[in-house]
Amino acid sequence: MTLAQWYLSKVPQYTRMARHARSVIRHATPRKVANLFRVELERKLRRVELKGYPYLLIIDPCNYCDLRCPLCPTGYGGLGRPQKMLSLEHFKQYFDPVADYLFEATMHNWGESLLNRHVFSMIEYAQSRNVGTNLSTNVSGSTTGYLDNLLECGLEYLIVSLDGTSAESYSQYRIRGKFENVLDNLAEIVARRNRRRLKTPVVEWQFIVMRHNEHELAEAEVLAKKIGVDLLRFIPVGMPFDTVDRKAVAAKWYPVTVQGRAYTPDVELQFGQANKPSPCFYLYRSLVVNPDGGVSPCCVVYNRATDFGQLPVADVRQLWNNDRYQSARALFSPREASRWAPTVCEGCDIFEKYPKPARRGAGPSGATGAGESGRAPGLIQIKGPAARERV
């Protein structure tokens, strides 16, 4: 089994465990550890209303990008949300209420984080509050000064997206990207870190395996050793959850020589991720915040209409247990939410739902709820992960 096949056969949440474990060890406090155990117990018991707080934060410094990747909603203009730069002031407002419970802050989601000139100050602030940080970037347009800032801000884990070992293959997906810049910047980051004898950031080369670059996997392994990255990680390509003609997209982008995907007529199995027999971990562990303060249920969805709340709020626990969050958790529990609200989670098949009779009752404000399928009208169905993995 090749390195690529090994990675692509694993469920991505588990291949990230080493990184998350380091954050837990490095940033643990009695309060954080107690909260972690409470959250994991509540998830195991499939609780609907939680007493624990999220211990992972996914916060997007900006939802702008200099590239136009065709399977990314930012790239093709389908975010369904105003594009904004997150200010340092608003970052602190969103970060501070949960800081005492956080092990890690993911400083990216739907944009190129380095376009926000305040991102290094955000990372420094999070690290000063004993919260680990990670960031994913294309470094296509980054300058020397930005490379130094990445080393000096305290960032613990850096992911560089480089999908190919040639300009020809790289440019087919990373439209507007500059292959030579990315390759040079990746090598320079590793070299400068090593010259300074710094332990962080750990540098990961993330390679999305697609039809047009699957022939370059072996070459990527050789090149990764030459550059000296800490980890070369192959991940599966996905698609936006609201994609209509999924078979056509799969035929164009999905690899054919690398095993890992299988299909049934109704469910797309993406390297073992579909219908995981457990409650959705995002609804228990992670707070996902957009640059406008909108709170998404997970990092797969992006449209403003699917938000579960808006920051800042006076009481984060109240937001964490509002009607939408409780209704979403109830999909995976024998318990019911005190007041049901339709959510985008009803159309998601990444996690296996708890079997229940179809809802025929009233939704919010007395409106008719879901029909025979138990899904509220107009909800978007999610099949598998979005175009890039984050957690």
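Small disclaimer: the values here were computed from a predicted structure and weren't measured.

### Considerations on the overall build of the protein
For step 1, the next point in the chain: Helix and strand counts for the protein stand at 15 helices and eleven strands.
For step 2, the next point in the chain: Scored against the burial criterion, the 391 residues of the protein give a buried share of 58%.
For step 3, the next point in the chain: As displayed, the protein offers around 16,600 Å² of accessible surface, 53% of which is attributable to carbon and sulfur atoms.

### Thoughts on the packing of aromatic side chains
For step 1, the next point in the chain: Tallied over the full model, the rule gives 16 aromatic pairs.
For step 2, the next point in the chain: With centroids separated by 6.4 Å and ring planes inclined at 80 degrees, the aromatic side chains of Phe 91 and Tyr 125 adopt a geometry described as edge-to-face. Taken as a pair, Phe 91 in helix H6 (residues 88-95) and Tyr 125 in helix H7 (residues 119-128) lie far apart in primary sequence, 34 residues in all.
For step 3, the next point in the chain: An angle of 55 degrees between the planes, with centres 4.8 Å apart, marks the rings of Trp 320 and Tyr 325 as tilted. Taken individually, Trp 320 and Tyr 325 each receive the classification buried, so the pair is uniform in this respect.
For step 4, the next point in the chain: Here the aromatic cluster, defined as three or more aromatic residues joined through ring pairs, consists of Phe 281, Tyr 282, Phe 332 and Phe 351.
For step 5, the next point in the chain: The ring of Phe 103 has Lys 32 lying over it, and the distance from NZ or CZ to the ring centre is 6.0 Å.
For step 6, the next point in the chain: One residue, Arg 329, lies across the ring of Tyr 284, its end atom 5.7 Å from the ring centre.

### Topic: the nonpolar core
For step 1, the next point in the chain: If you look at the biggest cluster of nonpolar residues, it comprises 101 residues, and the most contacted ones within it are Phe 91, Phe 95, Trp 205, Leu 283 and Leu 287.
For step 2, the next point in the chain: Apart from the residues within four sequence positions on either side, Phe 91 is in contact with Ile 59, Leu 86, Met 107, Met 122, Tyr 125 and Ala 126.

### Here we look at the environment of Leu 198
For step 1, the next point in the chain: Looking at where Leu 198 falls in the secondary structure, it is placed in the loop between helix H10 (179-195) and strand E5 (202-209).
For step 2, the next point in the chain: For Leu 198, a relative accessible area of 32% gives the class partly exposed.
For step 3, the next point in the chain: Between the alpha carbons of Leu 198 and Glu 152 there is a distance of 9.6 Å; along the sequence they are 46 residues apart.
For step 4, the next point in the chain: What Leu 198 contacts, discounting residues up to four positions off in sequence, is Leu 151 and Arg 193.

### Comments concerning helix H11 (residues 217-227)
For step 1, the next point in the chain: Looking only at H11, the buried set comprises Leu 217, Ala 220, Leu 223, Ala 224 and Ile 227. Within H11, the buried residues cover an arc of 110 degrees as seen down the axis, which keeps them to one side. With respect to the buried face of H11, the exposed residues turned more than 90 degrees away are Ala 218, Val 222, Lys 225 and Lys 226.
For step 2, the next point in the chain: A positive backbone phi angle near 95 degrees is found at Gly 228, which sits one or two residues after H11.

### Description of the confidence of the model for the protein
For step 1, the next point in the chain: Confidence along the protein averages 85 in pLDDT terms, with 82% of residues attaining 70 or more.
For step 2, the next point in the chain: Low confidence marks residues 261-274, where pLDDT is under 50. Its contacts with residues over four positions away, or in another chain, come to 43 contacts.
For step 3, the next point in the chain: Low pLDDT, under 50, characterises residues 360-391; the predicted model gives this stretch 96 contacts beyond four residues in sequence or across chains.

### Details of the state of the cysteines
For step 1, the next point in the chain: Counted under the stated rule, the structure contains zero disulfides.
For step 2, the next point in the chain: Cysteine Cys 280 is unpaired, with the sulfur of Cys 298 as its nearest cysteine sulfur at 6.2 Å.

### Some points on the pattern of salt bridges
Oppositely charged side chains can form a pair if their charged atoms are brought close together.
For step 1, the next point in the chain: Tallied over the entire structure, the rule returns 16 salt bridges.
For step 2, the next point in the chain: Here Asp 96 and Arg 129 are joined by a salt bridge, their closest N and O atoms 3.0 Å apart. With Asp 96 in the loop between H6 and strand E2 (104-106) and Arg 129 in the loop between H7 and strand E3 (132-137), this residue pair connects regions lying 33 residues apart in the sequence.
For step 3, the next point in the chain: Take Asp 96: its relative accessible area is 30%, and that puts it in the partly exposed class.
For step 4, the next point in the chain: Arg 196 is paired through a salt bridge with Asp 148; the nearest N and O atoms lie 3.0 Å apart. Of the two residues, Arg 196 is situated in the loop between H10 and E5 and Asp 148 in helix H8 (residues 144-152); the sequence distance between them amounts to 48 residues.
For step 5, the next point in the chain: Given the relative accessible area of 37%, Arg 196 is considered partly exposed.
For step 6, the next point in the chain: Salt bridges sharing partners connect three or more residues here, namely Asp 148, Glu 152, Glu 188, Arg 192, Arg 195 and Arg 196.

Rules and cut-offs
Residues numbered from 1 in each chain as written. Predicted model: local features only at pLDDT ≥ 70, side-chain atom pairs only at ≥ 80, totals over all residues. Heavy atoms only, no water. Helix = DSSP H or I, 4+ residues; strand = E, 2+ residues; numbered from the N terminus. Buried < 20%, exposed > 50% of the residue type's maximum accessible area, 1.4 Å probe, protein only. Areas by Shrake-Rupley, 256 points an atom, 1.4 Å probe, with all protein chains shown as cover. Phe/Tyr/Trp six-rings, centres within 6.5 Å; stacked < 30°, edge-to-face > 60°. Lys NZ or Arg CZ within 6 Å of the ring centre and 35° of its normal. Core = buried A, V, L, I, M, F, W, Y, C linked by side-chain atoms within 4.5 Å. Contact = heavy atoms within 4.5 Å. Arc of directions from axis to C-beta. pLDDT = per-residue confidence, 0-100. Disulfide = S-S within 2.5 Å. Salt bridge = Lys/Arg side-chain N within 4 Å of Asp/Glu carboxyl O.

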